[in-house]
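Residue-level structure breakdown
Listed here are the chains, written in short residue letters.
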Amino acid sequence: MAERSFKAEVQHLRRGQGEVFTGEGILAITKALLESGVGYVGGYQGAPISHLMDVLADAEDLLSELGVRFEANANEAAAAAMLAASVHYPIRGAVTFKGPVGVNVASDALANLSSSGVTGGALIIVGEDYGEGSSIMQERTHAFAMKSQFWLMDPRPNLPSIVKAVSDSFDLSEASNTPVMLMVRIRACHVTGSFACRDNRPPAFSVKDAVANPRSDFARVVLPPMSYQHEQDKVKNRWPAAEAFIRERGVNEVFGPDRAPVGIVLQGGMYNGVIRALQHLGLADIHGNSQVPLYVLNVTWPLVADEFHDFCKGKDSILVVEEGQPEFIENQLGSFLYRAGASLRLHGKDVFPMAGEYTGTVMRDGIGAFLKEAAPDMLADALRAPNAPAPAIPDLSKTVPIRPPGFCTGCPERPIFAAIKLVEQELGKHQIAADIGCHLFAALPPFEIGGATMGYGLGPAANGAFDGGGEKRPVAIIGDGGFWHNGLSSSFGNMAFNKSDGVAIVVDNFYSAATGGQDVMSSRAQNSSKATNNPISKALAGIGIKWVRQIDRTYDVGRMRDTIREALTTTDTGPKVIVASSECMLNRQRREKPLRAQAIRDGRRVDIPRFGVDAEVCTGDHACMRLSGCPSLSLKVLDDPLRDDPVASIDQSCVGCGNCGEVADAAILCPSFYRADVVHNPGRFEARMAAMRARLRGWLTRRREARRLSFGVAP
């Protein structure tokens, strides 16, 4: 169950010529694919384009009507390999995945695809995840495009530009027989806007046509001597064809005056930030009309030397706005100028930081520093003085509270790490490797478990150096998404083959939860188009791992603790794997809350469990928080002069998972936790009993207060 449904929005994908489409960037990309006659689409979910896979899944009926094949791939490598359909056949294909990490996973298939070249247009839509909002290592896709010679599109972040970029990408791919990467940044994926539609069109040559008429061409197989010819073909034919297409089609754009002493060369994705900075500096208006010439690189690889030199004519200095490091574009443009013997000055990372996201402040300060040196007369009067302050940009860090990452309220992964903490109290600290997924939050307080991850599905493999036996067994944590992505073969196959003595815990929350709640092979839900209900434990048995323990309720902290202790102390040889299963609470709430609300509206009886803390029993030890860390657990100061320490309190965000009480029981902390069922639409008998209990409690309370007064005790 994906975290968001696009069933309503995908109906707008049917709009045709003369109509206007309004929506998010990911919907615009899907519409552009259909307008371009794509024959097959696929990919692997991952921020910031995880919802693009959800859109495609929800639009599967429309795709089928047009004869478009949709594949939800097991990982990015499988997605990239699917583009092989465009090698021999004139079929347009597109796949999508997250930025550098997805490219890294898919690198083998992508390199082979680029070497052989394509007959049909092949498009890789990459969600470039860079900067402070990123959840990955800080790298750029640009390096891979240069290394394997993919052409890299980086369109301006507005819907018309993105839609045009999809169409241009297919045409560029076919004109140069080379795959194209379309890079869309975080904000571009979810920017909202409008564009004029074209009619959807079925593929001119479909996958069914290809299967009916098989082709083969040894010249496209990546083996010597053909691989040597592929490299020559790239340089002598494909590259010049790409440059000619970019120039003739006018894919890159020039804005601003024809003549000026300076100019700015920028990545297309940086356009909005540059215009906003120029507005702050008084050099652009609200409509984007710039007083500084702009050369917008909607294609950041390959760079077209002749086009760049044309832009440089009559200018004394050029600024390159290139987010991230190394400065690939700046170095290439500098090479162009050096070879041409040009005398103008090139600026970039001398006024901009080498690394880090180009936020509004960074962009304004960098462009301002360049103009103060290269063209001070162009600056607005208010900024001409050397020490004049720049227009203020609010520092949100002073007003927006810090939001550290952490497990959601009721997350079924939290009790797993509470159990590990309890075991470590007995057996001492262990070597623990982590994987990509929600469970990485356990590296933070209050758990502080695990501190390294080597890639999606590679958690147990990261412990390979420690798996040979020792005083303590190493422990690895991996999610069900990582298990099916790459973990079964790379991690557990590695453990089984090498007769590892380590322990691995598979956190099975029924979905690829960290990417948006998409179904995986072991999901418990029934999926009409995908195979689910394939237990992880059976897959482990299939590769020869015998010691497997299945736990179907992770909230049972006592059982989790005992099973982990058993895995770490058993005399059995070979890998030890615990499959800890409980549904992702976010997905469960998304499914159950609407049903519960409807039942209440219909007048049906509904009871909702809630947990609380008896303030008079709570000792103020707060161990429950140290072993749980649930966001619904907080501190409350009592209005009691005899109780100095605050006590634990459970707020209204509680979802009734019961983890706090389970932890308290397993850790033998205190009996202060209680459960209360809130009953909506009770029956007559229940209502009468509740009224009687209320009267009894009232009578007992009044009697107690009367006795206190009789002894002279103030209420």
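Residues numbered from 1 in each chain as written. Predicted model: local features only at pLDDT ≥ 70, side-chain atom pairs only at ≥ 80, totals over all residues. Heavy atoms only, no water.

**What about the side chain of Ser-115?**
- Assignment of secondary structure puts Ser-115 in helix 7 (residues 107-116).
- Excluding residues that lie within four positions of it along the chain, Ser-115 makes contacts with Val-222, His-230, Lys-234 and Arg-238. (Helix = DSSP H or I, 4+ residues; strand = E, 2+ residues; numbered from the N terminus. Contact = heavy atoms within 4.5 Å.)

**Let's talk about the pairing of strand 5 (residues 122-128)**
- Most of strand 5 is tucked away, with seven of its seven residues classed as buried.
- Residues of strand 5 alternate between two faces, with Ala-122, Ile-124, Val-126 and Glu-128 on one and Leu-123, Ile-125 and Gly-127 on the opposite face, all of them buried.
- In this structure, strand 4 (residues 93-98) lies alongside strand 5, joined through six bridges in parallel fashion. Each residue of the ladder has a partner; that of Gly-93, found in strand 5, is Ala-122. (Buried < 20%, exposed > 50% of the residue type's maximum accessible area, 1.4 Å probe, protein only. Pairing = 2+ DSSP bridges.)

**Description of the environment of Tyr-338**
- In this fold, Tyr-338 is placed in helix 15 (residues 328-340).
- The sequence separation of Tyr-338 and Met-560 amounts to 222 residues, and the corresponding C-alpha distance is 65 Å.

**A few points about the pairing of strand 16 (residues 475-479)**
- Of all five residues that make up strand 16, five are buried, and the element is covered over most of its length.
- Pairing of strand 16 with strand 17 (residues 503-508), which is carried by five bridges, proceeds in the parallel orientation. If you follow Ile-478 over to strand 17, its bridge partner there is Val-506.
- Taken together, strand 16, helix 19 (residues 480-497) and strand 17 form a β-α-β motif whose crossover is right-handed. (Right-handed = clockwise from strand over helix to strand, strands pointing away.)

**As for unusual backbone geometry**
- Residues Pro-224 and Pro-225 are joined by a peptide bond in cis, for which omega reads 5°.
- Inspection of the secondary structure assignment puts Pro-225 in the loop between helix 11 (207-212) and helix 12 (226-249).
- In this chain, Trp-301 is followed by Pro-302 through a cis amide linkage whose omega measures 5°.
- The phi dihedral of Asn-177 falls on the positive side, at around 55°, and the residue is not glycine.
- Position of Asn-177 among the secondary structure elements: in the loop between helix 9 (159-176) and strand 7 (180-185).

**Observations regarding the sheet that holds strand 7**
- The sheet built from seven strands is open, its strands ordered 3-2-4-5-7-6-12 with mixed pairing. Either end of the sheet is taken by a strand with one partner, and the two such strands are strand 3 (69-72) and strand 12 (299-301). Strand-to-strand twist in this sheet, taken as the mean axis angle between neighbours without regard to direction, amounts to 20°.
- In this fold helix 1 (residues 25-35) packs onto strand 2 (40-43), strand 4, strand 5 and strand 7, with an angle of close to 175° to the strand it touches most, strand 5. (Axes fitted to C-alpha atoms, helices over the stretch in contact; angles between N-to-C directions.)

**Details of helix 22 (residues 585-601)**
- With 17 residues, helix 22 ought to run about 24 Å at 1.5 Å a step, and its terminal C-alpha atoms sit 23 Å apart, in line with that.
- The largest bend along helix 22 measures about 30° and falls at Glu-592, with the proline Pro-594 one to four residues further on.
- Among all positions of helix 22, only Met-585, Asn-587, Gln-589 and Ala-599 are buried.
- Summarising the contacts, the buried residues of helix 22 are in contact with strand 18 (511-512) and strand 22 (606-613).
- Positive backbone phi, at 85°, marks Gly-603, one or two positions downstream of helix 22. (Expected span 1.5 Å × (residues − 1). Bend = angle between axes of the 7 residues up to and from the residue.)

**Topic: the pattern of salt bridges**
- By the definition in use, this model includes 37 salt bridges.
- A salt bridge links Lys-576 to Asp-501; the shortest N-O distance between them is 2.7 Å. Within this pair, whereas Lys-576 is found in strand 21 (residues 576-581), its partner Asp-501 is found in the loop between helix 19 and strand 17, the two being separated by 75 residues in sequence.
- Within the structure, one salt-bridge network assembled from shared partners comprises Arg-92, Lys-164, Asp-168, Asp-171, Glu-174 and Arg-249. (Salt bridge = Lys/Arg side-chain N within 4 Å of Asp/Glu carboxyl O.)

**A look at the nonpolar core**
- Leu-33, Val-41, Phe-97, Leu-110, Leu-123, Ile-124 and Met-181 are the most contacted members of the largest nonpolar core, which totals 76 residues.
- If near-sequence neighbours (up to four positions away) are discounted, Phe-97 is found in contact with Tyr-44, Ile-49, Glu-76, Ala-79, Gly-102, Val-103, Ala-106, Leu-110, Ile-124, Ile-125, Val-126 and Gly-127.
- If you look at the next biggest cluster of nonpolar residues, it comprises 29 residues, including Phe-407, Phe-447, Leu-568 and Ala-580. (Core = buried A, V, L, I, M, F, W, Y, C linked by side-chain atoms within 4.5 Å.)

**Details of the packing of aromatic side chains**
- In total, this model carries 16 aromatic pairs according to the counting rule given.
- Ring plane angle 55° and centroid distance 5.2 Å describe the contact between Phe-483 and Phe-492, whose orientation is recorded as tilted.
- For Arg-156, the ring lying beneath its charged end belongs to Tyr-271, and the centroid distance is 4.8 Å.
- The aromatic ring of Trp-547 is capped on one face by Arg-549, whose charged end is 3.9 Å from the ring centroid. (Phe/Tyr/Trp six-rings, centres within 6.5 Å; stacked < 30°, edge-to-face > 60°. Lys NZ or Arg CZ within 6 Å of the ring centre and 35° of its normal.)

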